[in-house]
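# A closer look at the structure
Chain residues, written in single-letter form:
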Amino acid sequence: MTAGVAGLSVVDLREVALGLGDDCLVLSHRLAEWTTHAPELEEEMALANLALDLLGQARSLLTLAGEADGRDEDQLAYWRDDRDFRNLLLLEQPNGDFAVTMTRQVLFSTFQELLYRGMAAGTEPRLAAIAAKGVMEARYHVEHARLWVQRLGRGTEESHRRMGQALDLLWPYTQELFKPTESWSRAADQGAVPPLSSIEEPWRHSIESLMVDSGLEIPGFPAWQSGGRLGRHSEHLGHLLAEMQHLHRSHPNASW
Amino acid sequence: MPAGEELARRLAAEVPDPELPFLTLGDLGILRRVEVNLEGGVRVVLTPTYSGCPALHHMADEVRRTLLAAGFPAVQVDTELSPAWSTDRLGPHAREKLEAMDIAPPPPVDKAPVALTLKCPHCGSLRTGELSHFGATACKSLWRCQACGEPFEHFKALR
C-alpha cells in the first residue's frame, strides 16, 4: 500500500475524506429541501446558508477523496449508487418537521465541530486545511441549532411535544457517530484525525446540558443504528440520490 | 521580481467582489499571492471566505479576464484554504467602506469576535438586535434597529 503524507495510506485517506464528504453532501441536500418550505423567510435563508457551507466542505473533501483514483467531485457525487455512499445514517433521515430538522442539526453539528477541531490540529495537511476552514462554519451551525432547540423545547406545549418526539426518533442513529471504521482507526493512530472516542464525552456533555436547558430528556433507550459508513443505508438515501443525481445522469456534463 | 509582477498584483487586488462590489479582492484579503514567471505568465492564489462561497468562481474568472486584457500571456488562478480566511484579514479600508454602505462591519481584530450589540448604520443607535445569523450572502447576518425600526446587514465576524 502506498504511503501518503504523514504515513497515512492513500486508501485510508480516501475512505476518511469520502465519509466526511458524504456527510456534508447528504445533509446539504436535505437542508436545501427546505428552500421555499421553511417556516419563515429568515429561517429559509439560514438553512440555505448552512446547506451552502456544507456543500463547500463536501466539494473540498470529495475532491481530496477522488484524487487517489482520478475521479473528480462530480463523478463522486453523481455517479455512485447508494451502497457506495459512506455518510452517517442520521443525515439521510427525512427532514420531518422543523423539530426533527433542528434536532438532527444539533446532534450532527456539535459532532462535526469537535471532529473538525481535532482534525485541524492533525498531521494530514489537506484534511487539516479543510477542517480549519470548516470549524468556523460549524460553530455558527451549532449556535443556530442550539438556539432553536431551546426555543422549541421551552416554547409551547406542542413544540415541546414535537421536540421530544424528534429526539426519540433520531437518538438511535447517534451510536454510529462514534463507531470508527478500520480506516478511521488507522488515520487516528497516525494523528491525522481525532479518535472518535475522544470526542464522544464532550459531545455527550454538550448535548446533555442543552437538553437540560431546553427542558427535554435524553431517551433512556440505547442508540443502536449503524451501517452508513459501510454503505448499508436506510431506504431514504436512494430517494434522496434519485433527486440529486437525476439531472446530471440524464444530461451528462450539462452546464448552465 | 520579474517585470510586471507589481502591475499584476495591483490589477488582481482591484478586482471587485461580485456580491459587495464596493470592496475589492485586496480589501477582503481574498487575494493571497501573485507570481509572474520569466515568460510573463501569472499565477494568482485566492482563498475563499467560506467553504461554499459561490462567488469564488466568478472572482477567478474576473481576475483571469482582467490580467489577460492587460496583456499578460497566460493566467492561472488557484485557490488555497490554509491558513483559513477570517475577518481579521480584512484590509485597512474595508471596515470604513462597509460602514459607508450601511453594512455594520465586524469588530476590529483586538475585540471580542461576537458583538453583543452593533451600532445601527442608519441612526447610530445601539438598541439593535440580531434577526438571523444568516443573511443574503454567506458573510452577512441580518439585524434590526429598535430605535429607527430599520433592518440592516452585518458583515459578521469569522474566526
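Thresholds, definitions, all that
- Along each chain, the written sequence defines residue order, and numbers are assigned to residues from 1.
- Both sets of labels track the order of writing: A upward for chains, 1 upward for ligands.
- Note on the predicted model: pLDDT of at least 70 is required for a residue's local features to be given, and 80 or more for side-chain atom pairs to be given and counted; whole-chain, interface and lining totals, by contrast, use all residues.
- Excluded from the side-chain calculation are hydrogens and water; included are all heavy atoms of the structure.
- Helix and strand definitions here come from DSSP, where helices need a minimum of 4 consecutive H or I residues and strands a minimum of 2 consecutive E residues; each element is numbered from the N-terminal end.
- Only the protein chains shown count as cover for residues, and all accessible areas are computed by the Shrake-Rupley method using a 1.4 Å probe.
- Residues counted as positive are Lys and Arg, residues counted as negative are Asp and Glu, and His and the chain ends are not counted.
- By convention, the point assigned to a charge is CZ for Arg, NZ for Lys, CD for Glu and CG for Asp.
- A pair of strands counts as paired when DSSP detects no fewer than two bridges linking them.
- Either an automatic procedure or a domain database provided the assignment from which the domain bounds are taken.
- By definition, residues are in contact when any of their heavy atoms lie within 4.5 Å.
- Once two parts are put together, the accessible area they lose, assessed with a 1.4 Å probe and summed over both, is termed the buried area.
- Buried Ala, Val, Leu, Ile, Met, Phe, Trp, Tyr and Cys residues form a nonpolar core when they are joined through side-chain atoms within 4.5 Å.
- When a residue's accessible area, from a 1.4 Å probe over protein chains only, is under 20% of the maximum for its type it is buried; when over 50% it is exposed; and in between it is partly exposed.
- Between 30 and 60 degrees the pair is tilted, below 30 it is stacked and above 60 it is edge-to-face, where a pair is any two Phe, Tyr or Trp rings, Trp via its six-membered ring, whose centres lie within 6.5 Å.
- The criterion is that NZ of a Lys, or CZ of an Arg, lies within 6 Å of the ring centre and within 35 degrees of the ring normal, and then a charge sits over that ring.

Right, let's talk about the overall build of chain B for a bit. For chain B, the count of helices and strands is four helices and seven strands. The helix and strand sequence of chain B, counted from the amino end, reads α-α-β-β-α-β-α-β-β-β-β. Across its three principal directions, the C-alpha atoms of chain B cover 60 × 25 × 25 Å. Accessible surface, chain B: about 7600 Å² in total, of which carbon and sulfur atoms supply 55%. Between the centroid of the 17 positive side chains of chain B and the centroid of its 20 negative side chains there is a distance of 4 Å.

What links the strands of a sheet is backbone hydrogen bonding, and the strands pair in either a parallel or an antiparallel sense. Residues and elements named next belong to chain B. The mixed open sheet is built from four strands, whose spatial order is β4-β7-β6-β5. Each having just a single partner strand, β4 (103-104) and β5 (128-132) make up the two edges of the open sheet. As judged from the two bridges shared by β4 and strand β7 (residues 151-155), these two strands associate in the parallel manner. Looking across to β7, one finds that Ala104 is bridged to His154.

All names here are of chain B. Here the domain parsing of chain B yields domain 1 (5-85) and domain 2 (88-155). A separation of 26 Å is found between the C-alpha centroids of domain 1 and domain 2. Of the residues lining the interface, twelve residues belong to domain 1; the matching set on domain 2 comes to 13 residues. Taken together, both faces of the contact between domain 1 and domain 2 bury some 1200 Å²; the carbon and sulfur share is 71%.

A few words on the nonpolar core. In this structure, Phe111 of chain A together with Leu46 of chain B are the most contacted members of the largest nonpolar core, which totals 116 residues. Considering each element in turn, this core owes the most residues, twelve residues, to helix α5 (residues 98-120) of chain A. Taken domain by domain, the makeup of this core includes at least three residues from each of domain 1 (5-85) and domain 2 (88-155) of chain B. With sequence-adjacent residues up to four places away left out, Phe111 of chain A is seen in contact with Leu88, Leu177, Phe178, Leu196, Ile199 and Trp203 of chain A. Counting six residues, the second largest nonpolar core, distinct from the first, contains Leu118, Cys120, Trp143 and Cys145 of chain B.

What the rule picks out here adds up to nine aromatic pairs over all chains. With 4.9 Å between their ring centres and 85° between their planes, Phe98 of chain A and Trp148 of chain A make a pair best called edge-to-face. Residue Phe98 of chain A is located in helix α5, and its partner Trp148 of chain A is located in helix α6 (residues 125-153); the two are separated by 50 residues in the primary sequence. Given the relative accessible area of 12%, Trp148 of chain A is considered buried. Taking the centre distance of 5.9 Å and the plane angle of 25° together, the rings of Trp171 of chain A and Trp203 of chain A count as stacked. Of the two residues, Trp171 of chain A sits in the loop between α7 (157-170) and α8 (182-189) while Trp203 of chain A sits in helix α9 (residues 196-213), which places them 32 residues apart along the sequence. Among the residues examined, Trp171 of chain A registers a relative accessible area of 5% and is labelled buried. Through a chain of ring-to-ring contacts, the aromatic side chains of Phe108, Phe111, Trp171, Phe178 and Trp203 of chain A assemble into a single cluster. For Arg80 of chain A, the ring lying beneath its charged end belongs to Phe85 of chain A, and the centroid distance is 4.1 Å. Between Lys156 of chain B and the ring centre of Tyr140 of chain A, over which it is positioned, the NZ or CZ distance is 4.8 Å.

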